[in-house]
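One letter stands for each residue in the lines below.
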Amino acid sequence: MIRLLAALLLAFCGGASAYAAKVDPFAQRAAAARDEIMRDPARALADSDALRRMTSSHDSLERRTHVEATADWIRAEALISLNRPQEALKVIQSALAAMDRSDPEPGLRGELILARGGVANLTGGVEDALRDNQEAFRLLGRGGNARGQAIALQNIGAIYADAGDYNNALKYFGQSIDIYSADPKLLLSAYNNQGNSLFELKRYADATAAFSRALVIAQKTNNALQQARIQRNIAATQAEAGNFVPAEAALADAFRLSTGGPAASSRAALYGVAARLALRQHQLDRAANMIDRAFSSAVGAEANLPMRDFHQTAYEIFRERGEAKKALDHLEAFQKLDDQARALAASTSAALMNARFNFTNQELRINNLRNEQAVASARFRNRMQLALLSATAVISTLLLIGFLSIRRSRNQVRDANASLLTTNVALEKALAAKTEFLATTSHEIRTPLNGILGMTQVILAGRQLDPTLRGRIELVQGAGETMKALVDDILDVAKMETGELRIQTAEMDLKRLLEDAVTVWTGQAETKRIGIEFDLEQCPGKIIADEVRLRQIIFNLMSNAIKFTDRGQVRLACFSEADEESESETLVIRVADSGIGIPQDRVEEIFESFRQVDGGVTRRHGGTGLGLAICRNLARAMGGDVTVVSTLGAGSTFTLTLPLERGTAEVGPADRVAATSLGAANLLMIEPNPLGQGIMRALLAGECASVQFVTEVGQALDALKTGAIDHVLAEGSALGLDPAGAGALAAACADAKARFTLLWREPAPDLLSQFVKEGVTHVVSKPISAPDLLSEMNKVYGEPIASRNIAA
Amino acid sequence: MNILFVEDDAMNRRVVRDMLTVAGATMDEAHDAESGLQMIDERQYDIVLMDLRMPGMDGLTAIKHIRARTDEKASVPVIVVTADTALDICRDCIDQGADEVILKPVAMNKLFDAIGRLIARGNSRMMLN
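## Describing the overall build of chain A
- Summing up its helical and strand segments, chain A has 31 helices and 13 strands in all.
- Each of the 808 residues in chain A was classed as buried or not, and the buried ones make up 40%.
- For chain A, the share of sequence-separated contacts (at least 6 apart) that also reach a separation of at least 24 residues comes to 66%.

## Some points on the overall build of chain B
- Looking only at helices and strands, one finds five helices and six strands in chain B.
- Taken from N to C terminus, the helices and strands of chain B fall in the order β-α-β-α-β-α-β-α-β-α-β.
- Looking at chain B as a whole, 40% of its 129 residues are labelled buried.
- Considering only contacts within chain B whose residues lie at least 6 apart along the sequence, 57% involve residues at least 24 apart.

## Re unusual backbone geometry
- With an omega dihedral of 0°, the bond running from Lys-104 of chain B to Pro-105 of chain B counts as a cis peptide bond.
- Structurally, the position occupied by Pro-105 of chain B is in the loop between strand E5 (100–103) and helix H5 (108–122).
- Positive phi values are uncommon outside glycine, yet His-282 of chain A reaches one of about 60°.
- In this structure, His-282 of chain A sits in the loop between helix H15 (267–280) and helix H16 (284–298).

## Observations concerning the nonpolar core
- Ranked by size, the top nonpolar core spans 102 residues in total, and within it Ala-235 and Ala-275 of chain A carry the most contacts.
- A total of 10 residues in this core trace back to one element, the largest contributor, which is H15 of chain A.
- Once residues within four sequence positions are removed from consideration, Ala-235 of chain A is found in contact with Ala-247, Ala-250, Leu-251, Ala-254, Val-273 and Leu-277 of chain A.
- In this structure, Val-458, Leu-691 and Ile-725 of chain A together with Val-6 of chain B belong to the second largest nonpolar core, which totals 78 residues.

## Focus: the interface of chain A and chain B
- With 34 residues of chain A in contact, the opposing surface of chain B contributes 32 residues.
- Among the elements of the structure, helix H20 (395–461), helix H21 (467–497), helix H26 (690–700), strand E13 (784–785) and helix H31 (786–795) of chain A are those that each provide at least two residues to the side of chain A that touches chain B.
- Sorting elements by how many residues they give to the side of chain A that touches chain B places H20 of chain A first, with 13 residues.
- Here the residues of the side of chain A that touches chain B are counted per class, giving 16 nonpolar, 11 polar and seven charged.

## So, the sheet that holds strand E4 (residues 569–579) of chain A
Residue and element names in this part refer to chain A.
- Taken in spatial order, the five strands make up an open sheet running E2-E4-E5-E7-E6, and their pairing is mixed. Strand pairing shows two members of the sheet lacking a second neighbour, strand E2 (531–535) and strand E6 (641–647), which therefore form its edges. Neighbour-to-neighbour, the strand axes of the sheet open up by a mean angle of 15°, direction not taken into account.
- Note: strand E5 (residues 584–593) against strand E7 (residues 651–660), eight bridges, orientation antiparallel. By the bridge assignment for E7, Leu-587 is matched with Leu-658.
- Against the sheet, helix H23 (residues 547–563) makes contact with E4, E5 and E7, and its axis sits at roughly 25° relative to E5, the strand it touches most.
- Here helix H25 (residues 627–637) sits on the sheet in contact with E6 and E7, set at roughly 135° to E6.

## A few points about helix H3 (residues 25–39) of chain A
Residue and element names in this part refer to chain A.
- For H3, which comprises 15 residues, the first-to-last C-alpha distance of 22 Å matches the rise-based estimate of 21 Å (1.5 Å per residue) to within 8%.
- Burial in H3 covers these residues: Ala-30, Ala-33, Arg-34, Glu-36 and Ile-37. Summarising the axial view, the buried residues of H3 lie within an arc of 155°, below the 170-degree limit, and thus occupy one face. Residues of H3 that are exposed and point over 90 degrees away from its buried face: Pro-25 and Arg-39.

## A closer look at the packing of helix H13 (residues 224–241) of chain A against H15 of chain A
All names here are of chain A.
- Close contact between H13 and H15 brings their axes to 9 Å; oriented N to C, the two are set at 20°. It follows that H13 is roughly parallel to H15 by the angle criterion. Crossing geometry of H13 relative to H15 is assigned as left-handed. Contacts between H13 and H15 pair Arg-232, Ala-235, Ala-236 and Ala-239 from the former with Ala-269, Leu-270, Val-273, Arg-276, Leu-277 and Arg-280 from the latter.

## Describing the sheet that holds strand E4 (residues 78–82) of chain B
Residue and element names in this part refer to chain B.
- Read across the sheet, five strands follow the order E2-E1-E3-E4-E5 without closing on themselves; strand pairing throughout is parallel. The open sheet has two free edges, formed respectively by strand E2 (27–30) and E5, since each of these has just one partner strand. Pairs of neighbouring strands in the sheet enclose a mean axial angle of 20°, with direction left out of account.
- Of the pairings in the sheet, the one linking strand E3 (residues 47–50) to E4 comprises three bridges and is parallel in character. Bridge pairing in E4 places Met-50 opposite Val-80.
- This element, helix H2 (residues 33–42), spans strand E1 (3–6), E2 and E3 of the sheet and lies at about 160° to E1.

## With respect to the environment of Phe-5 of chain B
- Its location among the elements puts Phe-5 of chain B in strand E1.
- For the pair formed by Phe-5 of chain B and Leu-49 of chain B, sequence separation is 44 residues and the distance between their alpha carbons is 4.5 Å.

## Describing the packing of helix H12 (residues 204–220) of chain A against H13 of chain A
Residues and elements named next belong to chain A.
- Two numbers describe how H12 lies on H13: the axes approach to 9 Å, and their chain directions differ by 165°. By the angle class used here, H12 and H13 are roughly antiparallel. Here H12 and H13 pass one another in a crossing that is left-handed. Between H12 and H13, the contacting residues are Tyr-204, Ala-207, Thr-208, Phe-211, Ala-214, Leu-215, Ala-218 and Gln-219 on the first element and Gln-226, Gln-227, Ile-230, Gln-231, Asn-233, Ile-234, Thr-237, Gln-238, Glu-240 and Ala-241 on the second.
- Per-class residue counts for the contact of H12 with H13 are nine nonpolar, eight polar and one charged.

## Brief notes about the pairing of E6 of chain A
- As paired strands, E6 of chain A and E7 of chain A are joined by seven bridges and run antiparallel to one another. Residue Thr-647 of chain A lies in a different strand from E7 of chain A, and its bridge partner there is Gly-651 of chain A.

## Let's talk about the confidence of the model for chain A
All names here are of chain A.
- Put simply, chain A has an average pLDDT of 78, and 80% of its residues get 70 or more.
- Across residues 611–622, confidence stays below pLDDT 50; counting only partners more than four residues off in sequence or on other chains, it has 16 contacts.
- Note on residues 804–808: pLDDT is under 50 here. Beyond four places in sequence and across chains, it has eight contacts.

## Observations regarding the confidence of the model for chain B
Residues and elements named next belong to chain B.
- Per-residue confidence for chain B gives a mean pLDDT of 89, with 93% of residues at or over 70.
- In the model of chain B, strand E6 (residues 127–128) stands out as the element of lowest mean pLDDT, 64, in contrast to E1, which has the highest, 96.
- Here the complex is predicted with pTM 0.50, and the ipTM for its interfaces comes to 0.85.

## Regarding H26 of chain A
- By the criterion of burial, H26 of chain A is predominantly enclosed, with 10 of the 11 residues buried.
- Taken residue by residue, H26 of chain A has Pro-690, Leu-691, Gly-692, Gln-693, Gly-694, Ile-695, Met-696, Arg-697, Leu-699 and Leu-700 of chain A as its buried positions.

## Here's the deal with the environment of Ala-30 of chain A
- Structurally, Ala-30 of chain A can be placed in helix H3.
- Between the C-alpha atom of Ala-30 of chain A and that of Thr-70 of chain A, which follows or precedes it by 40 residues, the distance is 7.6 Å.

Each value, and the rule that gives it
- Residues numbered from 1 in each chain as written.
- Chains lettered and ligands numbered in written order.
- Predicted model: local features only at pLDDT ≥ 70, side-chain atom pairs only at ≥ 80, totals over all residues.
- Helix = DSSP H or I, 4+ residues; strand = E, 2+ residues; numbered from the N terminus.
- Buried ≥ 20, exposed ≤ 12 C-beta atoms within 10 Å, placed from the backbone.
- Contact = placed C-beta atoms within 7 Å.
- Core = buried A, V, L, I, M, F, W, Y, C linked by C-beta atoms within 7 Å.
- Nonpolar A, V, L, I, M, F, W, Y, C, P; charged D, E, K, R; others polar.
- Pairing = 2+ DSSP bridges.
- Axes fitted to C-alpha atoms, helices over the stretch in contact; angles between N-to-C directions.
- Expected span 1.5 Å × (residues − 1).
- Arc of directions from axis to C-beta.
- Parallel < 35°, antiparallel > 145°, perpendicular 65-115°, else oblique.
- Left-handed = near helix turned anticlockwise from the far one by under 90°.
- pLDDT = per-residue confidence, 0-100.

See below:
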């Protein structure tokens with residue numbers, strides 16, 4: 001059956017949305033550009049460039065983001081209209097990434113995601129299309145854009161229709177009409193879509209009623225092309241229903257409407273319907289004539305022709321006329337197209353389910369259904385080959401078998417679809433229950449974890465802890481942290497599925513994050529006797545990104561690399577790549593291992609939820625199998641991606657790419673000059689009390705270039721060796737009553753060209769003099785107010801850095 | 001320093017109590033929001049830690065009650081301690097008058113940083129002891 005109207009209309013979602021209402025020059029110009037998209041996409045594309053420049057430096061960040069995102073959206077829609085979906089996708093992704101950083105506008109975000117869904121539809125990404133349309137529906141609802149919501153619903157309906165799930169498709173088309181009926185073009189498309197699905201369900205009377213409603217709208221809008229198409233649909237429906245008089249009338253009207261003008265190109269499809277109608281009335285000569293014309297005018301006509309139906313009709317016509325050779329040719333052509341159509345429906349169905357929930361058992365079920373279909377068509381094909389080899393004498397018999405086979409294979413498809421429908425309904429319920437379950441479970445697991453992790457932290461904070469016991473407690477804590485990470489992963493998946501995941505960017509130290517990752521995983525790697533190498537030479541320092549999410553991705557990739565590697569090494573590298581054309585930079589973080597690798601045909605599967613390459617591997621390597629799905633989702637939410645190149649048995653290389661936005665420039669330790677004031681100093685404080693740390697962190701925030709805390713003198717000595725410390729502030733209790741220890745610290749500070757201040761509560765004069773003798777020259781006594789402490793600390797910058805001298 | 005923890009779960013109370021012990025601090029405990037409000041009535045606190053989901057009155061309502069007071073206790077700093085990970089939970093708590101939000105499982109450094117920030121904010125001339 002013919003589905004032509006929907007795709008034409010739905011690629012574009014402009015409409016009288018909220019943006020036009022604001023009377024400002026930008027909004028007016030944007031509205032004009034949007035209207036241009038349908039008429040002249042190339043011009044709309046040029047307009048979007050001009051629009052993007054309509055910001056000034058006085059504009060608020062919010063305003064700039066709005067202007068740029070609106071311009072990007074128009075650009076993307078124009079690119080889609082120009083059939084450049086890949087470029088559109090790039091524009092959409094970068095616009096979405098930019099919006100995440102400011103106050104999100106749900107309406108505009110919704111439009112962008114709807115456009116992305118359109119791209120996914122064009123490029124055959126059923127899962128992405130479904131997810132985006134659902135997300136767009138939700139966001140457009142928040143933005144009060146019912147028209148956009150109606151488009152999203154129709155898109156979802158169309159996906160179901162492609163999968164052969166016409167009942168669900170009808171549900172969505174119906175909702176689309178309920179939610180917004182003020183746009184005649186949209187309403188027409190919805191009714192026509194309804195008609196097509198009803199036709200497939202053989203509900204011919206209902207289908208005719210739906211097409212008639214569409215026809216009324218087409219007549220009102222005076223659109224001959226659409227009237228012709230709808231009349232053709234009516235004719236086809238009435239022909240199948242056996243109502244030949246109205247069928248002939250509709251067909252005649254369709255022919256009348258398609259003489260000349262743009263509608264002429266659809267005449268091939270009309271001849272096809274005419275042939276079918278004639279065949280149904282046993283007017284075989286007319287039918288043969290019409291089907292010939294259908295095939296001859298199909299050459300060079302619109303691509304979206306129901307060729308499969310043509311061949312089926314032709315086969316039946318020539319069989320009736322006893323022209324066996326011709327009949328057989330058409331039967332063969334029909335079978336080929338029918339196979340393709342069924343494969344498409346089956347893969348769309350499978351993708352639909354994947355998009356909703358990837359439980360292995362459901363997968364199995366789909367595969368079983370697919371296998372049933374494959375067996376059925378293989379049986380049929382064998383029979384066909386046999387037929388071709390046999391003598392012409394038996395052709396007529398075989399034709400009959402062929403005919404029955406068509407029936408049978410159609411019935412099998414119908415049964416399979418019915419079964420898929422039942423599964424779909426069950427899955428929808430399961431999905432809702434699952435999301436609820438995950439949220440509750442996550443909450444419930446957090447409570448006992450609070451006990452485990454809380455107490456291990458308390459125990460480990462005690463300084464007089466036996467080293468063996470400390471090791472054991474650290475193991476408990478490590479296990480607890482892993483468990484918490486798993487719960488967080490599960491919760492993230494639930495959030496991703498309900499579209500609740502948010503990216504929050506701020507300035508962060510990327511280099512430090514990567515160094516942390518190396519430190520954390522070195523221990524793990526050592527126990528497996530594999531090496532960790534890293535190349536952070538070209539790594540940007542401060543960047544603007546979501547630190548929590550970035551850490552999650554990198555830790556996941558590192559954890560996987562170590563998990564799946566038994567010998568050799570894991571390499572972490574980070575660098576940036578400049579794109580001169582768009583003047584943008586891409587951040588590249590690469591984790592390469594020499595592990596077991598991934599078979600070439602399973603490479604994409606590992607990014608699906610709950611998947612590892614095989615169940616056996618899952619059992620051997622543990623984990624929820626959620627990590628990579630989360631990594632990819634997070635990376636995409638940040639405007640980037642995670643990809644993999646792998647050789648089985650030789651290792652895998654995972655690459656995270658993100659749009660790079662650099663933070664404020666920083667001075668590396670190499671070219672660091674000694675700080676000349678406290679405000680420029682990198683401060684290290686020795687403070688054993690965690691609450692004291694909390695208070696000092698808050699008080700010192702913004703007073704120094706950076707502040708870090710350690711709890712023991714030994715840690716301070718280690719930190720001084722890096723040469724990145726300008727000033728050490730020691731809380732007296734950390735030094736105990738040990739003048740020699742304090743002296744060693746003061747000497748280490750002098751060596752590292754760092755200032756040293758000792759903060760001490762009421763020091764006894766004789767002890768104090770011992771400290772001074774050991775080289776502790778700057779002592780501030782407590783209690784003291786924070787501003788006074790800061791001014792005391794600033795005083796030492798008037799003096800040269802203490803040299804290593806012992807007064808005695 | 002006087003700290004009050006309003007929390008129905010005994011284990012959670014114990015965890016936070018022991019964490020504060022590490023820092024040399026102590027706390028009072030309330031098993032539910034109603035008795036927590038009563039204790040605020042009777043005593044002077046520098047910091048109130050508040051769970052959200054409790055039988056009877058929930059934590060957000062309790063915060064509303066505190067903020068609706070007419071005396072100076074209306075501005076006591078409140079830190080929400082919750083296992084709720086809903087998307088907008090932080091914003092909701094801050095909207096209702098909470099000063100800080102900490103997620104369970106409680107990380108000790110996050111707890112002390114939050115307390116430290118509140119102490120530092122309230123007393124820029126506070127004496128360091």
